[in-house]
Amino acid sequence: MKTIQPKEVAQHNKKDDIWLILYGKVYDLTDFLPEHPGGESIILQLGGTDATEEFDLIHSSDIIGRFLSSDMCIGQVEPVKTTAKYNNTGNNSNQNKLKTVITSSSNKEEPIPLTLDTIPCIEEIQNTFDFQSVAEQVLKSTAYSYFSSGSGDNMTMRENHNAYHRIWFRPQIMVDVSKVDTSTEMLGAKVSLPLYISATSFCKMAHPEGEKALARAAGNHGIIQMIPTLASCSLDEITSARIHSKQPQWLQLYVSTDRKMTQQIIQQAEKKGIQGLFITVDRAIVGPRGGSRNDKDMFNDEGGIQKVLSNERGTTSNSLPLFVDPSLNWNDIAWFKSITKVPIILKGVQRWEDAVRAWRHGCAGIVLSNHGGRQLDFAPSPIEILPEVMDALKREGCNLKKDFDVYIDGGIRRGSDIFKALALGAKGVGIGRPALYALSCYGEKGVEHLLNILRNEFEMTMRLMGTKSIKEIEPDMVDIRNLKDHFVANPTDHLSKYTYERLKPRGNLSRL
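Computed from a predicted model, the values in this text were never measured in an experiment.

Visitor: In this structure, what is going on with the packing of helix H5 (residues 128-138) against helix H18 (residues 433-464)? I would like to understand it.
Guide: Think of two packed helices as two axes; the pair is described by the angle between the axes and how far apart they sit. Taken N-terminus to C-terminus, the directions of H5 and H18 make an angle of 170°; their axes are 10 Å apart at the nearest point. Relative to H18, H5 is oriented roughly antiparallel. Counted together, Thr128, Phe131, Gln132, Val134, Ala135 and Val138 of H5 and Pro434, Tyr437, Ala438, Ser440, Cys441, Tyr442, Gly446, His449, Leu450, Ile453 and Leu454 of H18 form the full contact between these two elements. Residues of the contact of H5 with H18, tallied by class, amount to 12 nonpolar, five polar and no charged.

Visitor: How should I be thinking about the environment of Gly373 in this particular structure?
Guide: In this structure, Gly373 sits in the loop between strand S15 (365-368) and helix H16 (382-396). In this view, Gly373 contacts Gly150, Ser151, Thr156, Met157 and Asn160; residues no more than four positions away in its chain are not counted.

Visitor: Quick question: what am I supposed to make of the sheet that holds strand S13 (residues 276-280) here?
Guide: Pairing is parallel in the closed barrel, where eight strands are placed in the order S10-S11-S12-S13-S14-S15-S16-S17. Strand-to-strand, the axes of this sheet are offset by a mean angle of 30°, without reference to chain direction. Bridge count between strand S12 (residues 249-253) and S13: four bridges; the pairing is parallel. Bridged to Trp250 within S13 is Gly276. Along the sheet, H16 makes contact with strand S14 (344-349), S15 and strand S16 (405-409), crossing S16 at roughly 170°.

Visitor: Which parts of the structure should I look at to understand helix H10 (residues 259-271)?
Guide: Three or four residues apart is the spacing at which side chains of an α-helix point the same way, because the helix has 3.6 residues per turn. For H10, which comprises 13 residues, the first-to-last C-alpha distance of 18 Å matches the rise-based estimate of 18 Å (1.5 Å per residue) to within 8%. Considering only its buried residues, H10 is in contact with helix H4 (63-67), helix H9 (235-240), S12, S13 and helix H14 (332-339). For H10, the side-chain oxygen to backbone nitrogen distance between the N-cap and Lys260 is 3.1 Å, and the N-cap itself is Asp258. Gly273 lies just past H10 and shows a positive phi near 90°.

Visitor: Looking at this structure, how should I read the packing of aromatic side chains?
Guide: Two descriptors summarise a pair of aromatic rings, namely the distance from one centre to the other and the angle between the planes of the rings. Considering all chains together, one arrives at 13 aromatic pairs under this definition. Residues Tyr146 and Phe202 carry aromatic rings whose centres are separated by 5.7 Å and whose planes lie at 45° to one another, so their mutual orientation is tilted. Taken together, the residues span a long stretch of sequence, with Tyr146 in helix H6 (residues 141-148) and Phe202 in the loop between strand S10 (195-197) and helix H8 (210-220) at a distance of 56 residues. In textbook terms, an aromatic cluster arises when at least three aromatic residues are bridged by ring pairs, as seen for Tyr196, Trp250, Phe278 and Tyr407. For Arg259, the ring lying beneath its charged end belongs to Trp335, and the centroid distance is 5.4 Å. Across the ring face of Tyr146, the terminal group of Arg374 is positioned such that the distance to the ring centre comes to 4.9 Å.

Visitor: I keep staring at H8 and nothing clicks. Help me out?
Guide: When you tally the buried positions in H8, you get nine out of 11 residues, the bulk of the element. Gly210, Glu211, Lys212, Ala213, Leu214, Ala215, Ala217, Ala218 and Gly219 are the residues of H8 that are buried. Among the structural elements, S10, strand S11 (224-227), H9, S12 and H18 are those in contact with the buried residues of H8. Positive backbone phi, at 70°, marks Gly222, one or two positions downstream of H8.

Visitor: Would you mind showing me how to read the pattern of salt bridges here?
Guide: Two side chains carrying opposite charge are able to pair once their charged atoms lie near each other. Under the definition given, this model contains 18 salt bridges. Note that Glu159 is salt-bridged to Arg166, the shortest N-O span being 2.4 Å. In this pair, the class of Glu159 matches that of Arg166, namely buried. Where salt bridges share partners, they join Glu159, Arg166, Glu384, Glu388 and Lys484 into one cluster.

Visitor: Quick question: what am I supposed to make of the sheet that holds strand S1 (residues 13-14) here?
Guide: Within a sheet, neighbouring strands are paired by backbone hydrogen bonds and run either parallel or antiparallel to one another. Spatially, four strands are ordered S1-S2-S3-S4 in an open sheet, and the strand pairing comes out antiparallel. Strands with a single pairing partner mark the edges of an open sheet, and in this sheet they are S1 and strand S4 (73-76).

Visitor: How do you make sense of the side chain of Ser148 when you look at a structure like this?
Guide: For Ser148, the location among the structural elements is in helix H6. A distance of 2.7 Å separates the side chain of Ser148 from the backbone oxygen of Tyr144, its partner in a polar contact.

About the criteria used
- Residue positions are counted from 1 within each chain, in the order its sequence is given.
- The model is predicted, so local features are restricted to residues of pLDDT at least 70 and side-chain atom pairs to those at 80 or more, both for listing and for counting; the totals for chains, interfaces and linings are taken over all residues.
- To obtain the side-chain values, all non-hydrogen atoms of the structure were included, while hydrogens and water were left out.
- Where helices are involved, their axes are fitted lines through C-alpha atoms of the stretch in contact, as for all axes, and angles between N-to-C directions lie from 0 to 180°.
- Going along the chain from the N terminus, every DSSP run of H or I of four or more residues is numbered as a helix, and every run of E of two or more is numbered as a strand.
- When an angle is under 35 degrees it counts as roughly parallel; over 145 it counts as roughly antiparallel; between 65 and 115 it counts as roughly perpendicular; any other value is oblique.
- Between two residues, a contact is recorded if the distance between any of their heavy atoms is within 4.5 Å.
- Put simply, Ala, Val, Leu, Ile, Met, Phe, Trp, Tyr, Cys and Pro go in the nonpolar bin, Asp, Glu, Lys and Arg in the charged bin, and everything else, Gly too, in the polar bin.
- Here a strand pair is declared whenever DSSP counts at least two bridges between the two strands.
- Expected helix span is taken as 1.5 Å per residue step, with the number of steps being one fewer than the number of residues.
- Between N or O atoms, a polar contact is any pair within 3.5 Å; within protein, one atom must be a potential hydrogen donor and the other a potential acceptor, and residues adjacent in sequence are included only when both atoms are from side chains.
- Centres within 6.5 Å make a pair out of two Phe, Tyr or Trp rings, where for Trp the six-membered ring is used; the pair is then stacked when the planes are under 30 degrees apart, edge-to-face when over 60, and tilted otherwise.
- Ring-over charges, as used throughout, are those where CZ of Arg or NZ of Lys falls within 6 Å of the ring centre and within 35 degrees of the ring normal.
- Per-residue accessibility, obtained with a 1.4 Å probe over protein chains only, is compared with the maximum for each type, and a residue is labelled buried under 20%, exposed over 50%, and partly exposed between these values.
- Here, a salt bridge means any Lys or Arg side-chain nitrogen found within 4 Å of an Asp or Glu carboxyl oxygen.

Here it is in structure tokens:
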């Protein structure tokens, strides 16, 4: 491979002749430019330069082989050293170094250091909302906007959490709960807790270790990690981060218009020991986002990463065809079953009729989900439709203990929320944003602290409810008479509504 000087690369920065340097190699992206899922503007902005740092922040290195043909690589240059824009806490042995950065109140991308003298100690974090309070100060404004916001007016995103407040407990007493067992099985894998880390894109925006840190934390706690299609780390890196060879992992799949590429992803995952294929079915097109104050920060800024994220969200028409196939339909289930032996689960079911169809088409299970409130605003919260889904599947003759798993995600912030979901029939629950916030604040240790919090809350709820094991959690332990009543007065959740005194840097220091 010939060596090309950076000065020569710099001359190729026009739309009809554009080169980029990625990981020390030079790529001619002239023909690829109109096909880039993130739109043309980001490539044009970085044309003729070393774009490795911007690329690495949200892409896995193996994505190059999937999207760029070998003839696009026209040479190499000497590797260019890059400096990380931030360094999150959790895995750095030098405790005196700067740990995180925050952005100024003007929402510019210039970082201001937040040191161990000002960031709260991890022991001060008492609940999932504390992680979010710190993450808002630690993350860049664009990253926090991407992670935190939903679609439209955020009604569904808020309802995902609020719906749990309409479920009340019916505790039983005089039960020996000196010992409780939180372990169960999910898709045949033994887990210590009916909880999994759900797939979330671009985890390196939260922490340089990205999905690898999530894999290690999940393994250390005996739970499952769902790997996203749009991971910032490669599948090899994430699976290699497992703490042992039998650690279970699942794969979330966006079905591309390029079915050959989709098949390659599935079969590569199967070779890596992935034990569940979760096909996203609620994203025929990217939901309308940008309505929140946070999102406006992103869309008003024309800079690099902001443009990539806005395009991923569907703000340009050419972002749709490559990543998401709008023609995906029930007839495709047979094709998926023909190319893999991995159990197939549909992620994004939002009505009981589709749950029944999934069962009839031979799927191994479903995830009741509305994409974290990031797709169709006013879609129902998953916990609200869970009872009717379970009733419909039972009427169909489905054996929910052996043949079909029902999972749920969205809005889970307490161990008591996990109990409520299991009481209504869920096999397990997924968390997305809480894991991202914990990762962004304290790295891998933050995720482990989050899991400890949820485990302790869940165990406490089991004891107070008089249940010694998962199998003893029954539907009659919850009162759901008001679950579907959106007009009933809910108890005010001061934590989620930000009206309580949130965790702040010591001394309430300004950002000047």
